[in-house]
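Commentary on secondary and tertiary structure
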Amino acid sequence: MIVLAFIIYSIAICFIANSYALIQHTPQCLFFLIPVFLFTNLFAGYFVLKTKRKTLKVCFHGTVLLISFFMSMILSFFCHVIIAITTIPNNYTVFVWSLVFCLLVNSAVFWNGILCVYLTSKQLGIKVRIIGIICGLIPVANLIVLVFIVKTTITECFVESEKERINRKRKDQKICSTKYPILLVHGVFFRDTKYFNYWGRIPAELEANGATIFYGNHHSASSVAECGEELKERIAEILSETGSEKLNIIAHSKGGLDCRYAISKLGVGDKVASLTTINTPHNGCLFADFLLGKIPTSIKNRVAKTYNKTLRKFGEPNPDFLAAVNDLTDSSCKRLNLELPAPPEDIFCQSVGSVLTKATNSKFPLNLSYLFVKRFSGENDGLVDEASFKWGEKYILLRPTKRRGISHGDIIDLNRQNLKGFDVREFYVNLVSDLKNRGL
């Protein structure tokens, strides 16, 4: 059905774009061509994709138009070669006006399509949008960029519509409806905000499958001990609000250390059913030791002062950049492991880790730090080495099935990017579903 739609709309646009001679000979055909042209520009592909999301329908509509434009331009080229041969030099005005008419029709289709995908696509990053604008008037380059844009948006439309189909099919099963609510705990240098979800599309996916989600709401840059105190208070708030006896914690990066501290040092173990750490540096980051040891104190203090000042402007009451960074070092984490007693036996503890394959597979600054961490500690996710992830009774290591790999940010859907070979949203659905099956 979808392929048929592409073919029909491409033929329709191509026919209209090259119909100047027909219109000149039979003006009455405009009563047919104009409605078809308007319908195509307004509704091409809009009713084909099975989704309830209007933005996704518009994105697919734009993708269909861009594909139709691309096919029409190719066919129009050959069509006008034939027109040129048959009309030049005897009646070249027919060729000129036909060419102008063709370009106007195809331009209208292109601008309609590109605006639709630019305004609605979630997978087209700012960089691609800018490159598209810059290369728009450069022959060949504009076609290459257009192919990349279409490939990205059509993949997005298929992936998202398939996600909707799967969730509709299993809606009644509520596979993520755990006995205890889920607490998502962020890592260092981020806050839980209303306008930018640290966990990307993951919470919405979990909620769509029955999960009850809460957030840590703790400071972005504080020591493990201070964050642990905040999480202790937050856990008490959630349990009071929900009336639940316990909760399940999923914590990313330093958040895993903060939670371990709250459980083992601050007496909240009886309020936690499970702790899942995601890419947490349980054994620290050797690279962090190196940096803090090599960078002059004056520079470290200046960076810390600038960061803390910036965070205060965003509402952080008492940020401490250096305390947060120091607690991630290899030496600090080893000391923490010695200080923290094992969690109570009735808490299910597991850890997850992932690795990249090369620096260019991630975004700045992880593409830069990946090389340094690899030099010191081998395989890593751009920040934390593989040897530091493992903790608890169950360990899941996500190795890339494609060249892309899975970075420290990818594992929490920070960039909202669909990766080949790894569906981050479905991974968390399975993770929480497993907690439910364990009676948690």
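Let me begin by describing the structure that accompanies this report. (Residues numbered from 1 in each chain as written. Predicted model: local features only at pLDDT ≥ 70, side-chain atom pairs only at ≥ 80, totals over all residues. Heavy atoms only, no water.)

Considering the overall build of the protein chain
- Of the regular secondary structure elements, the protein chain holds 16 helices and 6 strands.
- Relative to the compact-globule value of 22 Å for 440 residues, the protein chain shows a C-alpha radius of gyration of 28 Å, a clear excess of over 25%.
- Over its C-alpha atoms, taken along the principal directions, the protein chain stretches across nearly 95 × 55 × 40 Å.
- Across the 440 residues in the protein chain, those meeting the buried criterion constitute 52%. (Helix = DSSP H or I, 4+ residues; strand = E, 2+ residues; numbered from the N terminus. Rg over C-alpha atoms; globule rule 2.2 N^0.38 Å. Buried < 20%, exposed > 50% of the residue type's maximum accessible area, 1.4 Å probe, protein only.)

A word on a nonpolar patch on the surface
- A contiguous nonpolar surface patch, about 670 Å² in accessible area, is contributed by Leu 30, Ile 34, Leu 38, Phe 39, Leu 42, Phe 43 and Phe 47.
- Take Phe 47: it is sitting in the loop between α3 (30–43) and α4 (54–87).
- For Phe 47, a relative accessible area of 59% gives the class exposed. (Patch = residues over 30% accessible without salt bridge, like charges linked within 9 Å, V, L, I, M, F, W, Y side chains within 5 Å. Areas by Shrake-Rupley, 256 points an atom, 1.4 Å probe, with all protein chains shown as cover. Salt bridge = Lys/Arg side-chain N within 4 Å of Asp/Glu carboxyl O.)

Thoughts on the environment of Ile 235
- Relative to the helices and strands, Ile 235 is located in helix α9 (residues 224–242).
- Sequence separation between Ile 235 and Arg 425 is 190 residues, and the spatial gap between their C-alpha atoms is 25 Å.
- If we ignore the near neighbours within four places in the chain, the residues touching Ile 235 are Leu 183, Leu 247, Ile 249, Val 268 and Lys 271. (Contact = heavy atoms within 4.5 Å.)

Quick notes on a positive patch on the surface
- On the surface, Lys 52, Lys 171, Lys 174 and Lys 436 cluster together into a positively charged patch.
- Assignment of secondary structure puts Lys 171 in the loop between α7 (141–169) and β1 (182–185). (Lys, Arg positive; Asp, Glu negative; His and termini not counted. Charge placed at Lys NZ, Arg CZ, Asp CG, Glu CD.)

What about the pattern of salt bridges?
- The tally for this structure, following the rule as stated, stands at 19 salt bridges.
- As a salt-bridge pair, Glu 160 and Arg 53 come within 3.3 Å of each other at their nearest N and O atoms. Here Glu 160, found in helix α7, pairs with Arg 53, found in the loop between α3 and α4; they are 107 residues apart in sequence, far enough to count as distant.
- You can call Arg 53 partly exposed: its relative accessible area is 31%.
- Within this structure, Arg 53, Glu 160, Glu 164, Arg 168, Arg 201, Asp 413 and Arg 425 form a network of salt bridges that share partners.

Some thoughts on the sheet that holds strand β4 (residues 272–278)
- An order of β2-β1-β3-β4-β5-β6 is seen for the 6 strands of this open sheet, with the pairing classed as parallel. The sheet is open, and its two borders are formed by β2 (213–215) and β6 (394–398), each paired with just one other strand. Strand-to-strand, the axes of this sheet are offset by a mean angle of 20 degrees, without reference to chain direction.
- With 6 bridges connecting them, strand β3 (residues 247–252) and β4 associate as parallel partners. Pairing of Leu 247 across the sheet is with Val 272, part of β4. (Pairing = 2+ DSSP bridges. Axes fitted to C-alpha atoms, helices over the stretch in contact; angles between N-to-C directions.)

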